[in-house]
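Residue-level listing of the chains:
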Amino acid sequence: MAHGAPHRGDAVIFYPSKNHNDLNGLAFHPEEITGTVMVNPHHPGVVLADGTDVLIDSGAFQRADMHKRLHPAEALDRQTRFAAKLAAGRRLTMRLVTYDQLLGVDEALTPDGERVKKRGSERTAAPAVTQTLWSADYYAAQRTRLRRAGVGLCFAAQGATVAQYLRCTRALLDVMEESDWFGFGGFCIIGRQPSLKPQFVETVRQVLPLLAAKGIRRAHILGVCVHDALMAAAALGRAHGVVLSTDSSSIEINSVHGKVWDTAHMSTGRGSPWRKVYDKAHKKAAEGISYHPCTLALENIARFAAWSAQLATAAPALRTPIPAYVPPAPPERWACTACFHVQEAARPCDRCGAAVVPPAVLATMEDDDPAAPAPALPVPLPPRQQTLFPMEIADAA
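Each value, and the rule that gives it
Residues numbered from 1 in each chain as written. Predicted model: local features only at pLDDT ≥ 70, side-chain atom pairs only at ≥ 80, totals over all residues. Heavy atoms only, no water. Helix = DSSP H or I, 4+ residues; strand = E, 2+ residues; numbered from the N terminus. Buried < 20%, exposed > 50% of the residue type's maximum accessible area, 1.4 Å probe, protein only. Contact = heavy atoms within 4.5 Å. Areas by Shrake-Rupley, 256 points an atom, 1.4 Å probe, with all protein chains shown as cover. Salt bridge = Lys/Arg side-chain N within 4 Å of Asp/Glu carboxyl O. Expected span 1.5 Å × (residues − 1). Arc of directions from axis to C-beta. pLDDT = per-residue confidence, 0-100. Pairing = 2+ DSSP bridges. Disulfide = S-S within 2.5 Å. Axes fitted to C-alpha atoms, helices over the stretch in contact; angles between N-to-C directions. Parallel < 35°, antiparallel > 145°, perpendicular 65-115°, else oblique. Left-handed = near helix turned anticlockwise from the far one by under 90°. Nonpolar A, V, L, I, M, F, W, Y, C, P; charged D, E, K, R; others polar. Core = buried A, V, L, I, M, F, W, Y, C linked by side-chain atoms within 4.5 Å. Phe/Tyr/Trp six-rings, centres within 6.5 Å; stacked < 30°, edge-to-face > 60°. Lys NZ or Arg CZ within 6 Å of the ring centre and 35° of its normal.

Focus: the overall build of the chain
Across its full length, the chain holds 12 helices and 17 strands. Counting across all 397 residues of the chain, residues that qualify as buried make up 46%. Summarising the internal contacts of the chain: among those between residues at least 6 apart in sequence, 65% fall at separations of at least 24. Working note: accessible area of the chain is about 19500 Å², and carbon and sulfur atoms make up 56% of it.

Thoughts on the pattern of salt bridges
Here the structure, examined in full by the defined rule, presents 17 salt bridges. Between Asp106 and Lys117 there is a salt bridge; the shortest N-O distance is 3.6 Å. Taken together, the residues span a long stretch of sequence, with Asp106 in the loop between strand S6 (93–97) and strand S7 (107–109) and Lys117 in strand S8 (residues 115–117) at a distance of 11 residues. Note on Asp106: relative accessible area 0%, which makes it buried. Salt bridges sharing common partners tie together Asp106, Glu107, Arg115 and Lys117.

Description of helix H3 (residues 72–87)
In a regular helix each residue adds 1.5 Å, so 16 residues correspond to 22 Å; H3 covers 22 Å between its end C-alpha atoms and thus fits that length. Here H3 has its buried residues at Pro72, Ala75, Leu76, Arg78, Gln79, Phe82, Ala83, Leu86 and Ala87. Each buried residue of H3 lies within a common arc of 155° when the element is viewed along its axis, so the set occupies one face. Turned more than 90 degrees from where H3 packs its buried face, Arg81 and Lys85 sit exposed. On its buried face, H3 sits against strand S4 (36–39), strand S5 (53–56), helix H2 (63–67), S6, helix H4 (122–141) and helix H5 (143–148). At the C-terminal side of H3, Gly89 shows a positive phi close to 75°.

Looking at unusual backbone geometry
One non-glycine residue with positive phi stands out, namely Asn24, at about 50°. You can see Asn24 is positioned in the loop between strand S2 (22–23) and strand S3 (26–27). The phi dihedral of Phe340 is positive, around 65°, even though this residue is not glycine. Mapped onto the fold, Phe340 is located in the loop between strand S15 (334–336) and strand S16 (342–343). Among the residues examined, Phe340 registers a relative accessible area of 54% and is labelled exposed.

Quick notes on the confidence of the model for the chain
With 87% of its residues at a pLDDT of 70 or more, the chain has an overall mean of 87. Contacts for the low-pLDDT stretch residues 385–397, under 50 throughout, to residues beyond four places or in other chains number two contacts.

Details of the sheet that holds S16
With respect to topology, three strands assemble into an open sheet ordered S16-S15-S17, the strand pairing being antiparallel. Single-partner strands in this sheet number two, and they are S16 and strand S17 (356–357). Relative to S16, S15 is paired through two bridges, and the arrangement is antiparallel. Paired with Ala335 across the strands is Val342, a residue of S16.

Some remarks on the environment of Gly51
Locating Gly51 in the fold gives a position in the loop between S4 and S5. Note: C-alpha distance between Gly51 and Leu92 (41 residues apart in sequence) is 5.1 Å. In this structure, Gly51 is in contact with Gly35, Arg91 and Leu92, ignoring residues within four places of it in sequence.

Observations concerning the state of the cysteines
Two cysteines, two sulfur atoms, one covalent bond between them: this is a disulfide. Counted according to the given criterion, the structure contains zero disulfides. Cysteine Cys352 is unpaired, with the sulfur of Cys336 as its nearest cysteine sulfur at 3.5 Å.

Considerations on the sheet that holds S5
Pairing between the strands of a sheet is mediated by backbone hydrogen bonds and can be parallel or antiparallel. Strand order in this open sheet of eight strands is S1-S12-S11-S10-S9-S6-S5-S4, and the pairing throughout is parallel. Both outer strands of the open sheet, strand S1 (13–16) and S4, are each paired with one neighbouring strand and no more. In this sheet, neighbouring strand axes are inclined to one another by 25° on average, regardless of whether the strands run parallel or antiparallel. Here S6 pairs with strand S9 (residues 151–157) via four bridges, running parallel. Across the sheet, the residue bridging to Leu96 is Leu153, located in S9. Along the sheet, helix H8 (residues 227–240) contacts strand S11 (218–221) and strand S12 (243–248); its crossing angle with S12, the most-contacted strand, is approximately 155°.

What to know about the packing of helix H7 (residues 197–214) against H8
Following both chains from N to C, one finds H7 and H8 inclined at 20°, their axes separated by 10 Å at the closest point. Accordingly, the angle class assigned to the pair H7 and H8 is roughly parallel. Like other packed secondary-structure pairs, H7 and H8 cross with a definite hand, here right-handed. In this structure, H7 contributes Lys197, Phe200, Val201, Val204, Arg205, Leu208, Pro209 and Ala212 to the contact, and H8 contributes Asp228, Ala229, Ala232, Ala233, Leu236, Gly237 and His240. Here the contact of H7 with H8 is built from residues that sort into 10 nonpolar, two polar and three charged.

Points about the nonpolar core
One finds Leu86 and Phe182 to be the most contacted residues of the largest nonpolar core, which totals 77 residues. Per element, the largest residue contribution to this core is seven residues, and it comes from helix H10 (residues 293–310). In contact with Leu86, not counting residues within four places along its chain, are Val39, Val46, Leu48, Val54, Ile56, Leu92 and Met94.

Structural notes on the packing of aromatic side chains
Taken as a whole and assessed by the stated rule, the structure comprises 11 aromatic pairs. Residues Phe182 and Phe184 carry aromatic rings whose centres are separated by 4.9 Å and whose planes lie at 75° to one another, so their mutual orientation is edge-to-face. The pair Phe182 / Phe184 is uniform in exposure class, with both members buried. Aromatic side chains Tyr278 and Tyr291 sit 4.7 Å apart centroid to centroid with 20° between the ring planes, which places their arrangement in the stacked category. Placement of the pair is Tyr278 in the loop between strand S14 (274–276) and H10 and Tyr291 in the loop between S14 and H10, with a sequence separation of 13 residues. Take Tyr291: its relative accessible area is 6%, and that puts it in the buried class. Every member of this aromatic cluster is reached through a ring pair, and the members are Phe14, Trp261, Trp274, Phe304 and Trp307. For Arg119, the ring lying beneath its charged end belongs to Phe187, and the centroid distance is 5.3 Å.

Right under this line is the structure:
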């Protein structure tokens, strides 16, 4: 196995997801079309064509790992055992994605344990970033062992805001080497929440110069096939000399539902390349209009891969450009005039019940300022005993 994957110019290289060997009864072999594939250790039964460039996901995205997260050593062991199985009797280029954490960034669990897409805040994402960095440090420590086996690394980043993402990126760069790939994690949500596209583009804009300065020339965007977001990222990649790639199962999923990818659609309607062409009645119909999900999936994968490859040279103008990024306003802060507790709501202090004011106002108040509310000191409780020896006194009486 070797980990020196071809660069293919400055194209956005597509790694179609493959979680099974057949789709609705027909052989599913997207790697024979693209020469690349993204696989997952939660689906260990896949078989790949010889000579495939393989990216092995960590499995952190699956619900089982969100309910019961593995130690980084366990996650890496799962990936390497999977890699060995895939490579048996084949020549494959292999690279592992580090075991990041998505809960609190763009994933959440409902009270009944279901996984839902939900963008978090810096507070909810902080534990995810910590776990992501902890795993990255462990993977980096195993680099020599992996290199002997011909396996490379892709270091996934996480963060709910641009600032938090940059802090995570800088920490990752401390353990990365020039042969490593950088992974843009936490943005597969933009297909469902288009309002996050400006944040994605701004994140890429600020991260790529850091990668280039470190000598990192490959970056992978995890789980994003949103065409306008990729077009914007491709332009930034060309500007900084960083080759980008992406992966997704969305091409296959849309195909199963009878949708066709066509770049001509980008200049009409809402500008989406997807069009619903077939209904459920057309699926494997014996007469008239008919389609097979597997055949359509492979055709759409070929179309998408060809389109993303041409982003190496130029990209067509977007029908609706992505708006400029506007940093979110910082949350309101209110400080207690008695105990100085800071909270995000203009209600009486959550701790002592005293009045709250903006911190800037509190900073200008003097202790003897008549405008300053009097501290609401708690009323002391009466002591349980009034003498040192209550029993003796009672006995003496």
